[in-house]
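# Inside the fold
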Amino acid sequence: MPNSLKITFLGTGTSQGVPVIACKCAVCLSDDARDKRLRTSVMIETQGKVLVIDSGPDFRQQMLRENVTQLDGILFTHEHKDHVGGLDDVRAFNYFQQRDMNVYCNDRVRKSLENEFHYAFADFKYPGVPEIAVIEIENQPFVAEGISVIPIEGLHHKLTVQGFRIGDFVYLTDMNYISETEQEKIKGAKVIVITALRQTTHISHFSMPESLALLEKWQPERGYLIHASHQLGAYAEVQAILPPNITLAYDGLKIVV
């Protein structure tokens, strides 16, 4: 029997989060906790290991909220700040776990991390900087902490980004195009998480109608929408119009695959 995956949605918001600073729209002023969205990230627990996909600027807050005491590795989809900005805070895990944090990313992301967090990659490091071990990946299956992972490439406007498939779970964020060849990797997945930025089209993200069309094509048992901006609408209103097997994910939501 395959190992089950426990999935925790650490954050489900877009690059600015929700509420947006200084915004007075109905979504940003909502008192529904499901309308409070930190930057998008997800935690996967399986086989006694814990992986996180992306560590955005809210990483510290997310780790504290979920009382995370073990983290074995981080998978990066791409190098934008809302997906890597919190990497410095792996220092606590370095201290308590007494080892480097394994980070899985492609060569382009590695170079960006080395620039952004140059002090963590210096030849002579200041005491207490993050201890990071980069494991470079390409667009082919790899193993992260003993867990088999299949990367799925898509385009974020003109930037190539990676989604990931682990068993029957697929995670796709910050994309607005996936080739038919890459879509073959998604077939048969039971749970698919996909970006749905807003109701209308966008230059670099799937809109909700586009994501729903893809989910209809792929036919998972369950679909979850993430990376939602305040322009998507209030949680209760959006959820009310979604198909029965599709959920607008919210921060702290936990599922088992």
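Our subject is the structure listed above.
The notes below deal with the structure included here. (Residues numbered from 1 in each chain as written. Predicted model: local features only at pLDDT ≥ 70, side-chain atom pairs only at ≥ 80, totals over all residues. Heavy atoms only, no water.)

### Details of the overall build of the protein chain
Here is the rule we go by: Starting at the N terminus, helices and strands are each numbered in turn, a helix being any DSSP run of H or I of at least four residues and a strand any DSSP run of E of at least two. C-alpha atoms define the radius of gyration, and 2.2 Å times the number of residues to the power 0.38 defines the globule rule. With a 1.4 Å probe rolled over the protein chains alone, any residue whose accessible area is under 20% of its type maximum counts as buried; one over 50% counts as exposed, and the rest are partly exposed. In this description, contact between two residues means that some pair of their heavy atoms is separated by no more than 4.5 Å. Areas reported as accessible are Shrake-Rupley estimates using a 1.4 Å probe. Residue values count occlusion only from the protein chains shown.
Scanning the protein chain from terminus to terminus reveals seven helices and 14 strands. For 257 residues, the compact-globule formula gives about 18 Å, and the C-alpha radius of gyration of the protein chain, at 18 Å, lands near that figure. With respect to the three principal axes, the spread of C-alpha positions in the protein chain is 55 × 45 × 35 Å. Scored against the burial criterion, the 257 residues of the protein chain give a buried share of 54%. Summarising the internal contacts of the protein chain: among those between residues at least 6 apart in sequence, 63% fall at separations of at least 24. Total accessible area computed for the protein chain in this model is approximately 11700 Å², and 52% of it derives from carbon and sulfur atoms.

### Description of the pattern of salt bridges
Pairs can form between side chains of opposite charge whenever their charged atoms are close. Stated precisely, the cut-off is as follows: Salt bridges, as used here, are contacts in which a Lys or Arg side-chain nitrogen is within 4 Å of a carboxyl oxygen on Asp or Glu.
In the structure shown here, the tally under the stated rule is 18 salt bridges. Among the salt bridges present, the one from Arg-99 reaches Asp-72, with a minimum N-O distance of 3.5 Å. Of this pair, Arg-99 sits in the loop between helix H3 (91-97) and strand S5 (101-105) while Asp-72 is found in the loop between helix H1 (59-65) and strand S4 (73-75), placing the two residues 27 residues apart along the sequence. The salt bridge involving Lys-217 is made with Glu-180; its shortest N-O contact spans 2.9 Å.

### A closer look at the pairing of S5
What counts is decided by this rule: Two strands form a pair only when DSSP identifies at least two bridges running between them. When the strands point away from the viewer, a crossover counts as right-handed if the route from the first strand across the helix to the second turns clockwise.
Most of S5 sits out of view: five of its five residues are buried. Side chains of S5 alternate between two faces, with Met-101, Val-103 and Cys-105 and Asn-102 and Tyr-104 buried alike. Taken together, the three bridges between S4 and S5 define a ladder with parallel strand orientation. Within S5, the residue paired with Ile-74 across the bridge is Val-103. In this structure, S5 lies alongside strand S6 (residues 132-136), joined through five bridges in parallel fashion. Paired with Cys-105 across the strands is Glu-136, a residue of S6. Handedness of the crossover is the feature at issue here: the chain leaves S5, passes through helix H4 (residues 107-116), returns alongside S6, and the resulting connection is right-handed.

### Some points on the environment of Thr-14
In plain terms, the rule: Each polar contact in these results corresponds to two N or O atoms within 3.5 Å; when the atoms are within protein, one needs to be able to donate a hydrogen and the other to accept it, and residues that are neighboring in sequence are counted only if both atoms are side-chain atoms.
Here Thr-14 shows up in the loop between strand S1 (6-11) and strand S2 (41-46). A C-alpha to C-alpha distance of 21 Å links Thr-14 and Glu-116, two positions 102 residues apart in sequence. Residue contacts for Thr-14: discarding those within four places in its chain leaves Arg-39, Leu-197, His-227, Ala-228 and Ser-229. Of note is the side chain of Thr-14, whose polar atom sits 3.4 Å from the side chain of His-227.

### With respect to the side chain of Glu-79
Examined against the element boundaries, Glu-79 turns out to sit in the loop between S4 and helix H2 (81-84). Overall, Glu-79 belongs to the buried group, its relative accessible area being 16%. A polar contact is formed between the side chain of Glu-79 and the side chain of Arg-108, at a distance of 2.8 Å. Each residue touching Glu-79, except ones within four places of it in the same chain, is listed here: Val-84, Arg-108, Val-109, Ser-112 and Leu-159.

### Things to note about the state of the cysteines
Stated formally: When two cysteine sulfur atoms are found within 2.5 Å, that pair is recorded as a disulfide.
All told, the structure shown has zero disulfides when counted by the stated rule. Take Cys-28: it sits in no disulfide, and the sulfur closest to it among the cysteines is that of Cys-25, at 3.6 Å.

### Notes on the sheet that holds strand S9 (residues 159-166)
Here is the rule: Interaxial angle, 0 to 180 degrees, is taken between N-to-C directions of lines fitted to C-alpha atoms, where a helix line uses only the stretch in contact.
In spatial order, the strands read S7-S8-S9-S10-S11-S12-S13; together these seven strands make up an open sheet with mixed pairing. Each end of this open sheet is capped by a strand with a single partner; those strands are strand S7 (142-144) and strand S13 (246-248). Across this sheet, the average inter-strand angle for adjacent strands is 25°, counted without regard to direction. As paired strands, strand S11 (residues 191-195) and strand S12 (residues 222-226) are joined by five bridges and run parallel to one another. Residue pairing for S12: Thr-195 is matched across the bridge by Ile-226. Set on the sheet, helix H6 (residues 208-218) makes contact with strand S10 (169-172), S11, S12 and S13; between it and S11 the angle comes to about 160°.

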